[in-house]
Number of protein chains: 2
Amino acid sequence: MIGAASCVHSASLAQRPDSLSTVITALAGGVGAARLLRGMVRAVSASDVIAVVNTGDDTVLHGLYISPDLDTVTYTLGGLNDDERGWGLAGETWKVMEALERLGGETWFGLGDQDLATHLYRTQRLASGAPLSQVTAEITSALGVGARLLPMSDDPVRTRLRLAGGPEISFQDYFVRRHHDVAVEAVRFDGAAQSRPAPGVLDALDRADKLVICPSNPVVSIGPILAVPGVLDALSARREDVVAVSPIVAGAALKGPAGRLLVELGHGSSVVGVARLYAQVAATLVIDEADAGLATEVEATGARCVVTPTIMHTPEHATTLARVVLGGAAAPASSTR
Amino acid sequence: MIGAASCVHSASLAQRPDSLSTVITALAGGVGAARLLRGMVRAVSASDVIAVVNTGDDTVLHGLYISPDLDTVTYTLGGLNDDERGWGLAGETWKVMEALERLGGETWFGLGDQDLATHLYRTQRLASGAPLSQVTAEITSALGVGARLLPMSDDPVRTRLRLAGGPEISFQDYFVRRHHDVAVEAVRFDGAAQSRPAPGVLDALDRADKLVICPSNPVVSIGPILAVPGVLDALSARREDVVAVSPIVAGAALKGPAGRLLVELGHGSSVVGVARLYAQVAATLVIDEADAGLATEVEATGARCVVTPTIMHTPEHATTLARVVLGGAAAPASSTR
């Protein structure tokens, strides 16, 4: 890891001491983001953490409005998630899906009974005129989430993927129904141009002490957030204070299609591709030890590079990573050799 | 019961022998109708029974399209209903409602987990463009219902009740949320004038050998069906073959607000009021033994009157009643004294 030594700057992140008054704004997708955020709310006060969450994956199924990333983050921060399965709620039951199966209904998108209650609640509240940001505040409050979760927008923005030589499909069709096992040639965010950031989003970007781009898919999780008018500019203006965490480790995503998508869309499936994608918005990129050999290339894109273990096997790993990301602690020794 | 003796005509209903080839079309509301229909499919072949079902109570809750009367009839004919509770499915669980309660959601309309699957299925199919009649055929087929259930219309017709000196509310608001414990001064069927009978409805009225108006609320269960353009005329044309079963016994409804509503709307809470309401469409009214003393008054409205036990404590009672209604058997001895 000699090659990496020159670019390990975790010490420089530690200028600001770990403090209850450090306000953090994080851009978040699903599972990877949820895990890092769980670490963050342990590293600082939960009430000092604001997450701006991707809603490009939102969908309506069976008439129910479903916000997969908001729910993943909510359940994880509420301590309700199923860590073993990696998604959904612990102790979940599947009575409705079993009955729907008997009816011959569509069950490719598995909705647990408790999870369904969230969708019923959200759908009812939206139908009665409440914006998604308000409904999100209600749900997170009811489920004991201390951090503040903001949908990126109250307006509909929908991630659409054009398959190679084929049709354009929704994100959930791609991700769940087709198990992201198809080639994609283009991604767009339908409705983004007309959307407005949800109340509080631009403020959260302007006023945070530190900004974090969570280890989420840069194209389909962070991409939609950046596509909401005003967000890219606000984040770019804070570039020096933005730390991105690479979701790519050793050339592949830990979960999901980030690696494949990055290749298919011409960015290359490595932390260098991630660095290039974030060059405009993040002055610092945190990469895993496994990618230490690419640190010089990362720095060549104009980003500071921090090498540290990024795989969050446990909440403790997540807390350690959060401390490094927030600059509140030196990176573990292994990354400072 | 001397006074009733002159009007007991159950023998005259027995002209046509019980036969598999007798096609029955029944107008149906909820629980009372479901019970009589369960008797009918035992008395004749299920495939010879067509039920035209009220959809004026249909509602959208939590984004889900709910058809309470269609579901009650479906579950009962599928042998899936909870006879003890009197509504919903046997062995039902309430995981979703429990979780919705924790979220602070609206739970006044109890939706069991298996029941929810029906609503998810229906909502998804309607959203994909299938008409309610087709979705109903799919659900009844999946749940093993041998009879043919037709929604009265594929178009939205919504029963609205104006409270005395107060606002106009939906049927479910009246029936479930307010436990029909409020005074009503008017009922109307929003959308009825623009609605069309569902495919097969007018045919089923024209071609049936015998037509039955089930013991449902005349105002808010049968009323909406008759309000669909074409239905009243088709039924009136078959008046001689139409047998109505009174939902009123001894001046009150066995279940629900029929008695109170009839009084509030000026019809009087007795079988005589029912007879007057059905005078144009039914040549025969079946009333309970408890009302034998009113038989002469019933006949004065122009209807033949059959006195027989009408309370369906068990499926066997329902089958016996169905046989009397269909004229396939003499009424029990008690009514022919």
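Residues numbered from 1 in each chain as written. Chains lettered and ligands numbered in written order. Predicted model: local features only at pLDDT ≥ 70, side-chain atom pairs only at ≥ 80, totals over all residues.

A. The arrangement of the overall build of chain A in detail. The secondary structure content of chain A amounts to 15 helices and 14 strands. The C-alpha radius of gyration of chain A comes to 19 Å, within 12% of the 20 Å expected for a compact globule of 337 residues. Contacts in chain A between residues far apart in sequence, at least 24 positions, make up 69% of those at least 6 positions apart. (Helix = DSSP H or I, 4+ residues; strand = E, 2+ residues; numbered from the N terminus. Rg over C-alpha atoms; globule rule 2.2 N^0.38 Å. Contact = placed C-beta atoms within 7 Å.)

B. Inspection of the sheet that holds strand β6 (residues 158-163) of chain A at higher detail. Residues and elements named next belong to chain A. With respect to topology, three strands assemble into an open sheet ordered β7-β6-β8, the strand pairing being antiparallel. Of all the strands in the sheet, just β7 (168-170) and β8 (184-190) have a single pairing partner and so form its edges. Strand-to-strand twist in this sheet, taken as the mean axis angle between neighbours without regard to direction, amounts to 30°. Sheet analysis places β6 next to β7, joined by three bridges and oriented antiparallel. Residue pairing in the sheet places L161 in a bridge with I169 of β7. (Pairing = 2+ DSSP bridges. Axes fitted to C-alpha atoms, helices over the stretch in contact; angles between N-to-C directions.)

C. Examining the relation of the copies chain A and chain B more closely. Superposition of chain A onto chain B requires a rotation of 180° combined with a translation of 0.0 Å along the rotation axis, giving an RMSD of 0.0 Å. Taken together, these values place the two copies in the relation of a two-fold axis. Minimal C-alpha separation from the rotation axis in chain A is found for G63 of chain A, amounting to 2.7 Å. Most of the interface of chain A is mirrored in chain B: 100% of its interface residues are interface residues there too. (Least-squares fit on C-alpha atoms with pLDDT ≥ 70 in both.)

D. Seen up close, helix α14 (residues 315-325) of chain B. Residues and elements named next belong to chain B. Residues A318, T320, L321, A322, R323, V324 and V325 constitute the buried set of α14. Considering only its buried residues, α14 is in contact with α2 (31-43), β9 (210-213), β10 (242-245), β13 (284-287) and β14 (304-307). In the stretch just after α14, G327 is the one whose phi turns positive, near 75°. (Buried ≥ 20, exposed ≤ 12 C-beta atoms within 10 Å, placed from the backbone.)

E. A look at the interface of chain A and chain B. Taken together, the contact between chain A and chain B spans 26 residues of the former and 26 residues of the latter. Counting residues per element, the ones that place at least two in the side of chain A that touches chain B are β4 (64-66), α4 (95-102), α5 (113-127) and α6 (132-142) of chain A. The greatest single-element share of the side of chain A that touches chain B, amounting to ten residues, is contributed by α5 of chain A. Here the residues of the side of chain A that touches chain B sort into 13 nonpolar, nine polar and four charged. (Nonpolar A, V, L, I, M, F, W, Y, C, P; charged D, E, K, R; others polar.)

F. Highlighting the sheet that holds β13 of chain B. Residue and element names in this part refer to chain B. Pairing in this open sheet of seven strands is parallel, and the strands run β5-β2-β1-β9-β10-β13-β14 from one edge to the other. The sheet is open, and its two borders are formed by β5 (148-151) and β14, each paired with just one other strand. Averaged over all adjacent pairs, the angle separating strand axes in this sheet is 20°, with direction ignored. In the sheet, β13 pairs with β14 via four bridges, with the strands oriented parallel. If you follow T284 over to β14, its bridge partner there is R304.

G. Main features of the packing of helix α2 (residues 31-43) of chain A against helix α3 (residues 68-77) of chain A. All names here are of chain A. Axis separation between α2 and α3 bottoms out at 9 Å; the angle between their running directions is 35°. Relative to α3, α2 is oriented so that their crossing is right-handed. Contacts between α2 and α3 involve V31, A33, A34, R35, L37, R38 and V41 from the first element and T72, V73, T76 and L77 from the second. Tallied by class, the residues present in the contact of α2 with α3 amount to seven nonpolar, two polar and two charged. (Left-handed = near helix turned anticlockwise from the far one by under 90°.)

H. Just the pairing of strand β14 (residues 304-307) of chain A, in detail. With burial as the criterion, each face of β14 of chain A is covered, one bearing R304 and V306 of chain A and the other bearing C305 and V307 of chain A. Handedness of the crossover is the feature at issue here: the chain leaves strand β13 (residues 284-287) of chain A, passes through helix α13 (residues 295-300) of chain A, returns alongside β14 of chain A, and the resulting connection is right-handed. (Right-handed = clockwise from strand over helix to strand, strands pointing away.)

I. Structural context of the pairing of strand β1 (residues 24-28) of chain A. Residues and elements named next belong to chain A. Burial runs high along β1: five of the five residues are buried. In β1, alternate side chains face the same way, and those of I24, A26 and A28 on one face and T25 and L27 on the other are all buried. Across four bridges, β1 lies against strand β9 (residues 210-213) in parallel orientation. Among the inter-strand pairings, T25 is bridged to a residue of β9, identified as L211.

J. Structural context of the confidence of the model for chain A. Residues and elements named next belong to chain A. Confidence along chain A averages 90 in pLDDT terms, with 91% of residues attaining 70 or more. Segment residues 11-20 is flagged for pLDDT under 50; beyond a separation of four residues in sequence, or across chains, it makes 20 contacts in the model. Every residue in residues 332-337 is under pLDDT 50, and counting partners more than four places away or in other chains gives 16 contacts. Here the complex is predicted with pTM 0.89, and the ipTM for its interfaces comes to 0.86. (pLDDT = per-residue confidence, 0-100.)

K. Here's a closer look at α2 of chain A. Residues and elements named next belong to chain A. For α2, spanning 13 residues, the distance from its first C-alpha to its last is 18 Å, which sits close to the expected 18 Å at 1.5 Å a residue. Most of α2 is tucked away, with twelve of its 13 residues classed as buried. Of the residues making up α2, those classed as buried are V31, G32, A33, A34, R35, L36, L37, R38, G39, M40, V41 and A43. (Expected span 1.5 Å × (residues − 1).)

L. Region of the structure containing the environment of L61 of chain B. Residues and elements named next belong to chain B. Mapped onto the elements of the fold, L61 is located in strand β3 (residues 59-61). Here L61 falls in the partly exposed class, since 18 other C-beta atoms lie within 10 Å of it. On a C-alpha basis, the gap between L61 and H119 in space is 9.7 Å, while along the polypeptide they are 58 residues apart. Dropping the residues within four chain positions of it, L61 is found in contact with I66 and F109.

M. Molecular detail of unusual backbone geometry. Of note in this structure, H179 of chain A is not a glycine but carries a positive phi near 50°. Of the residues examined, H179 of chain A has 10 C-beta atoms within 10 Å and is grouped as exposed. The backbone of H180 of chain B sits at a positive phi, close to 35°, despite the residue not being glycine. Assessed through the 19 C-beta atoms surrounding it within 10 Å, H180 of chain B is described here as partly exposed.

N. Main features of the packing of α5 of chain A against α6 of chain A. Residue and element names in this part refer to chain A. α6 packs onto α5 with a crossing angle of 140° between their chain directions and a minimal axis gap of 10 Å. Looking at the two axes, α5 sits oblique to α6. The crossing of α5 and α6 is right-handed. Together, T118, Y121, R122, R125 and L126 of α5 and L132, V135, E138 and I139 of α6 make up the contact between the two elements. Class assignment of the residues belonging to the contact of α5 with α6 gives a composition of five nonpolar, one polar and three charged. (Parallel < 35°, antiparallel > 145°, perpendicular 65-115°, else oblique.)

O. Quick peek at the environment of A183 of chain A. All names here are of chain A. Here A183 shows up in the loop between α7 (171-177) and β8. Separated by 21 residues in the primary sequence, A183 and R162 place their C-alpha atoms 8.7 Å from one another. Apart from residues lying up to four places away in sequence, A183 is in contact with L163, A164 and E264.

P. Structural context of the environment of T59 of chain A. Here T59 of chain A shows up in strand β3 (residues 59-61). Sequence-wise, T59 of chain A and A227 of chain A are 168 residues apart; in three dimensions their C-alpha atoms are separated by 18 Å.

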